Amino acid sequence: DAKTTQPTSMDCAEGRAANLPCNHSTISGNEYVYWYRQIHSQGPQYIIHGLKNNETNEMASLIITEDRKSSTLILPHATLRDTAVYYCIVSQSAVSGGYQKVTFGTGTKLQVIP
Amino acid sequence: EAGVTQFPSHSVIEKGQTVTLRCDPISGHDNLYWYRRVMGKEIKFLLHFVKESKQDESGMPNNRFLAERTGGTYSTLKVQPAELEDSGVYFCASRGANYGYTFGSGTRLTVV
């Protein structure tokens with residue numbers, strides 16, 4: 001799996017958009033960008049994933065640059081419950097036959113401030 | 001659908017004892033994974049099952065750890081004998097097609 005680089009920590013005011021960047025300059029053509037988060041001591045939670053087009057779901061939006069070397073996870077209206085460690089992971093999709101393990105880095109610790 | 005279930009949620013055992021962790025994946029998910037987080041460290045992969053077969057066990061730390069998935073349904077992870085450095089949170093995940101992993105809430109293991 002390609003390596004990712006994320007800032008160690010970020011703060012965001014409650015109600016504002018949280019923009020979490022991720023660099024994945026060695027991503028290969030069949031690898032997707034996945035985002036997970038871990039709230040306190042709970043299990044990691046899937047947020048969103050994408051290949052090259054921007055994606056949006058009920059939790060977040062994912063913006064992937066045209067060259068696919070970086071992406072940004074956007075939480076449009078951050079709440080205190082969004083305080084967590086956010087992981088950007090590059091991995092093959094299950095559809096393309098990739099059921100390999102994912103490699104968690106250190107992630108970005110997002111603190112949402114009242 | 002029901003999520004990934006792990007039990008126990010917490011376990012405190014003495015050094016040298018045996019502990020067995022259990023994971024029930026989402027029904028129909030052939031792929032099951034074990035991960036763990038040791039205090040202050042990153043989440044690390046342990047092993048991957050496809051149905052009842054071990055696809056990748058490169059992350060298993062040593063032979064004190066034994067994982068099984070008889071029948072391709074639930075999985076167990078046994079630590080025998082437990083050592084102090086085995087303390088941490090053990091996560092199980094399963095995966096279906098066209099989606100990300102679904103993780104369980106984890107088992108917090110404390111070896112004293």
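Our subject is the structure listed above.
Residue positions are counted from 1 within each chain, in the order its sequence is given. Whichever chain is written first becomes A and whichever ligand is written first becomes 1, with later ones labelled in order. Given that this is a predicted model, residues contribute local features only at a pLDDT of at least 70 and side-chain atom pairs are listed and counted only at 80 or more, while totals for whole chains, interfaces and linings are drawn from all residues. Heavy atoms from the whole structure form the basis of all side-chain values; hydrogens and water molecules are not counted.

A. The arrangement of the overall build of chain A in detail. Only DSSP runs of H or I covering at least 4 residues are called helices, and only runs of E covering at least 2 are called strands; the numbering of each starts at the N terminus. Tallying secondary structure elements over chain A gives zero helices and nine strands in all. From first element to last, N terminus to C terminus, chain A shows the α and β order β-β-β-β-β-β-β-β-β. The buried label applies to any residue whose accessible area, calculated with a 1.4 Å probe on protein chains only, is under 20% of its type's maximum; exposed applies above 50%, and partly exposed to all values in between. Relative to its full complement of 114 residues, chain A shows a buried share of 46%. We call two residues contacting when some pair of their heavy atoms lies within 4.5 Å. In chain A, the share of contacts with a sequence separation of at least 24, taken over all contacts with a separation of at least 6, comes to 59%. Surface exposure here means Shrake-Rupley accessible area, sampled with a 1.4 Å probe, where a residue is shielded only by the protein chains that are shown. Of the roughly 5,700 Å² of accessible surface on chain A, a fraction of 49% belongs to carbon and sulfur atoms. Here the positive residues are Lys and Arg and the negative ones are Asp and Glu; neither His nor the chain ends is included. Where a charge lies is defined by one atom per residue type: Lys uses NZ, Arg uses CZ, Asp uses CG and Glu uses CD. Between the centroid of the 9 positive side chains of chain A and the centroid of its 9 negative side chains there is a distance of 4 Å.

B. Fine view of the sheet that holds strand β7 (residues 70-75) of chain A. All names here are of chain A. When DSSP finds two or more bridges between a pair of strands, those strands are recorded as paired. Judged by pairing direction, the sheet is antiparallel, and its four strands sit side by side in the order β2-β7-β6-β5 without closing on themselves. Looking at which strands have only one partner, the edges of the open sheet turn out to be β2 (18-23) and β5 (55-56). As judged from the six bridges shared by β2 and β7, these two strands associate in the antiparallel manner. Its bridge partner lying in β7, Cys-22 is registered against Ser-71.

C. The arrangement of the interface of chain A and chain B in detail. Listed by partner, the interface residues are 23 residues for chain A and 22 residues for chain B. Throughout, the accessible surface (probe 1.4 Å) given up by two parts as they are put together, summed over both, is called the buried area. Overall, the association of chain A and chain B removes approximately 1,800 Å² of surface from exposure, summing both partners, and the carbon and sulfur fraction of that is 55%. What makes a salt bridge here is a side-chain nitrogen of Lys or Arg within 4 Å of a carboxyl oxygen of Asp or Glu, nothing more. At the boundary of chain A with chain B, the tally comes to zero salt bridges. Whenever a nitrogen or oxygen atom comes within 3.5 Å of another N or O atom, the pair is scored as a polar contact, on the condition that within protein one atom can donate a hydrogen and the other can accept it, and that pairs from neighbouring residues in sequence are kept only if both atoms are in side chains. Taken together, the links from chain A to chain B amount to five residue pairs in polar contact (both at pLDDT 80 or more). Mapped by element, the contributors of at least two residues to the side of chain A that touches chain B are β3 (31-38), β4 (45-50) and β8 (84-92) of chain A. The classification used treats Ala, Val, Leu, Ile, Met, Phe, Trp, Tyr, Cys and Pro as nonpolar, Asp, Glu, Lys and Arg as charged, and all other residues, Gly among them, as polar. Here the residues of the side of chain A that touches chain B sort into ten nonpolar, twelve polar and one charged.

D. Summary view of the nonpolar core. Grouping buried Ala, Val, Leu, Ile, Met, Phe, Trp, Tyr and Cys residues that are joined through side-chain atoms within 4.5 Å yields what is termed a nonpolar core. Grouped together as the largest cluster of nonpolar side chains are 22 residues, with contacts concentrated most on A:Trp35, A:Leu73, A:Tyr86 and A:Leu110. Among the secondary structure elements, those contributing two or more residues to this core are β2, β3, β4, β6 (61-64), β7, β8 and β9 (108-113) of chain A. With four residues, β8(A) is the single largest residue contributor to this core. A:Tyr86 has contacts with A:Gln6, A:Leu20, A:Trp35, A:Tyr36, A:Arg37, A:Ile47, A:Leu73, A:Leu75, A:Gly107, A:Thr108 and A:Leu110, leaving out every residue within four places of it along the chain. Among the nonpolar cores identified, the runner-up in size contains 21 residues, and B:Ile13, B:Ile26, B:Leu32 and B:Val111 belong to it.

E. Spotlight on the sheet that holds strand β1 (residues 9-13) of chain A. Residue and element names in this part refer to chain A. One open sheet accounts for five strands, arranged β1-β9-β8-β3-β4; its pairing is mixed. This sheet does not close on itself; its edge strands, each paired only once, are β1 and β4. Between one strand and the next, the sheet's axes are offset by a mean angle of 25°, whatever the strand orientation. With three bridges connecting them, β8 and β9 associate as antiparallel partners. In the sheet register, Val-85 faces β9, and the bridge partner there is Lys-109. Orientation is described by lines fitted to C-alpha atoms, with helices fitted over the stretch in contact, and by angles between N-to-C directions that extend from 0 to 180 degrees.

It is worth stressing that arrangement in space is one thing and function is another; only the former is reported here.
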